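Understanding the architecture of this molecule
One letter stands for each residue in the lines below.
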Amino acid sequence: MAQSSVDVRQLLSATAASLWATFQESAASARHDHKGHPREARLRQFLRERLPPKWGVSRGHVFYAEDATTPEFDVIVYDALNCPAWTLDSHEDPRRLVPLDAVIGVIEVKSTLDRRSLASAIAKARALDDALAHDAALNGPGHYQPFRHVFAYRLDRTCDFDGWLSPARSLTRYAGARCQPDGIFVLDSHFSVLEASHGYAHAFALHRGQTPDEVARTSSVLEQEDERRLVQEGDAWGHDYFTTDAIDGLLLLAFLTYVIQRASHYRPAGINYADMFCRRGGPKLGGIMDFYGPPDPGFAPVTLPGA
């Protein structure tokens, strides 16, 4: 086999090192926002440089209904090909308002994943779930369910996650979780993906350097995993998430793979954005409610000629 001119695996390892450099450089700042913002921006840059241009990457708010908006998300992946730009500031990396129908997925970025930061990320995921539920009540179930991921630079290994010992176990139905992110990715530790959303074929494929189809053809590992999960008792945590160790370049590749996997299922909903933006007008912007009021007394009546 001819030697490749570019070592993609080395590129991924170098990118992971670059993220770690951002993490360490920002740690020198005393202010919390000066620590977090560069780390969030670096992850947005990672995605922008690798996702196709039809999928935009921004921070900002999701708007829905008449005047409702979600809290700010660290990362929104959205339909940039069809959705009009609506920026909220003039920075190089501006916040945006993104209509719910154009949202492909959201990602919350955490420096260190512990019980408190995980709860904060879940609260944001629930805000998106509430927007989707509100829209479904008015318009019926949506054609696509946006993904909700959590990305963290490192895991707090002293945290027991309320006795469940791992983030994924604390977020299972068995533990009473009411909101489950589709994926949890920790750069220095592991990733967990919600089996109902993603399955685990890509996880085995990533570890073996194969496609899921190649894994299925060349081994019985997927069937064995199916059997293992089938014999577990009740709604144990293994039925919700599939978790595997992965760090640095492999973790980044897994993160990118699962973003692309879900985003590839998105199809534009055929929304007429001109009609949607009409809802932002009305009396609050000086709209006229009565076009047929009494005539202006300053003008004489016009006599129309007879037929």
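As a reminder, the structure under discussion sits directly above these lines.
All figures in this text were calculated on a predicted structure; none of them were measured in a lab.

Turning our eyes to something else, we now look at the packing of aromatic side chains. Counted by the stated rule, this structure contains 18 aromatic pairs. Pairing F185 with F191 gives two aromatic rings, centres 5.9 Å apart and planes at 20 degrees, and the pair type is stacked. The pair formed by F185 and F191 is uniform in burial state, with each residue classed as buried. Judged by centre distance (5.4 Å) and plane angle (50 degrees), the ring pair of F204 and F242 falls under tilted. Placement of F204 in helix α6 (residues 201-208) and of F242 in strand β9 (residues 241-245) is noted, with a sequence separation of 38 residues between them. By the ring-pair criterion, three or more aromatic residues cluster together here, those being W20, F23, F46, F151, Y153, F185, F191, F255 and Y258. Across the ring face of F23, the terminal group of R39 is positioned such that the distance to the ring centre comes to 4.1 Å.

The subject of this paragraph is helix α3 (residues 115-139). Between its terminal C-alpha atoms α3 stretches 36 Å, which fits the 36 Å expected from 25 residues at 1.5 Å a residue. Residues of α3 that are buried include every one of S117, L118, A121, I122, K124, A125, A127, L128, A131, L132 and D135, and no others. Considering only its buried residues, α3 is in contact with β1 (55-64), β3 (73-79), β5 (103-113), β6 (147-155) and α4 (167-170). A distance of 3.2 Å separates the backbone nitrogen of R116 from a side-chain oxygen at the start of α3, and that oxygen is part of D114. Of the residues flanking the end of α3, it is G140, one or two places downstream, whose phi is positive at about 90 degrees.

Take empty space enclosed by the protein next. The rolling of a water-molecule-sized probe over the atoms marks out the regions of remaining empty space. If you walk through the whole model with that rule in mind, you get one cavity of 30 Å³ or more. Quantified by volume, the largest cavity comes out at close to 50 Å³. Lining the largest cavity are F73, V106, I107, E108, A121, K124, A125, R148, H149, V150 and P181. Broken down by secondary-structure element, the contributors of at least two residues to the lining of the largest cavity are β5, α3 and β6.

Another point: the nonpolar core. Judged by nonpolar contacts, the single largest core of 43 residues is most densely connected at L47, I107, F151, F191 and F255. Looking at this core element by element, the count peaks at eight residues for helix α9 (residues 248-263). The contact partners of F255, leaving out residues within four places of it in the chain, are L43, F46, L47, I107, H149, F151 and F185. Of all hydrophobic cores here, the second largest spans 18 residues; its members include V62, Y78, Y273 and M276.

Procedures and definitions
- Residues numbered from 1 in each chain as written.
- Predicted model: local features only at pLDDT ≥ 70, side-chain atom pairs only at ≥ 80, totals over all residues.
- Heavy atoms only, no water.
- Phe/Tyr/Trp six-rings, centres within 6.5 Å; stacked < 30°, edge-to-face > 60°.
- Buried < 20%, exposed > 50% of the residue type's maximum accessible area, 1.4 Å probe, protein only.
- Helix = DSSP H or I, 4+ residues; strand = E, 2+ residues; numbered from the N terminus.
- Lys NZ or Arg CZ within 6 Å of the ring centre and 35° of its normal.
- Expected span 1.5 Å × (residues − 1).
- Contact = heavy atoms within 4.5 Å.
- Polar contact = N/O pair within 3.5 Å; in protein donor to acceptor, adjacent residues only side chain to side chain.
- 1 Å grid on protein atoms, 1.4 Å probe; cavity = no way out; pocket = protein on both sides within 12 Å on 5 of 7 lines; lining within 4 Å.
- Points joined across faces, edges and corners; volume = space filled by probe spheres on them.
- Core = buried A, V, L, I, M, F, W, Y, C linked by side-chain atoms within 4.5 Å.

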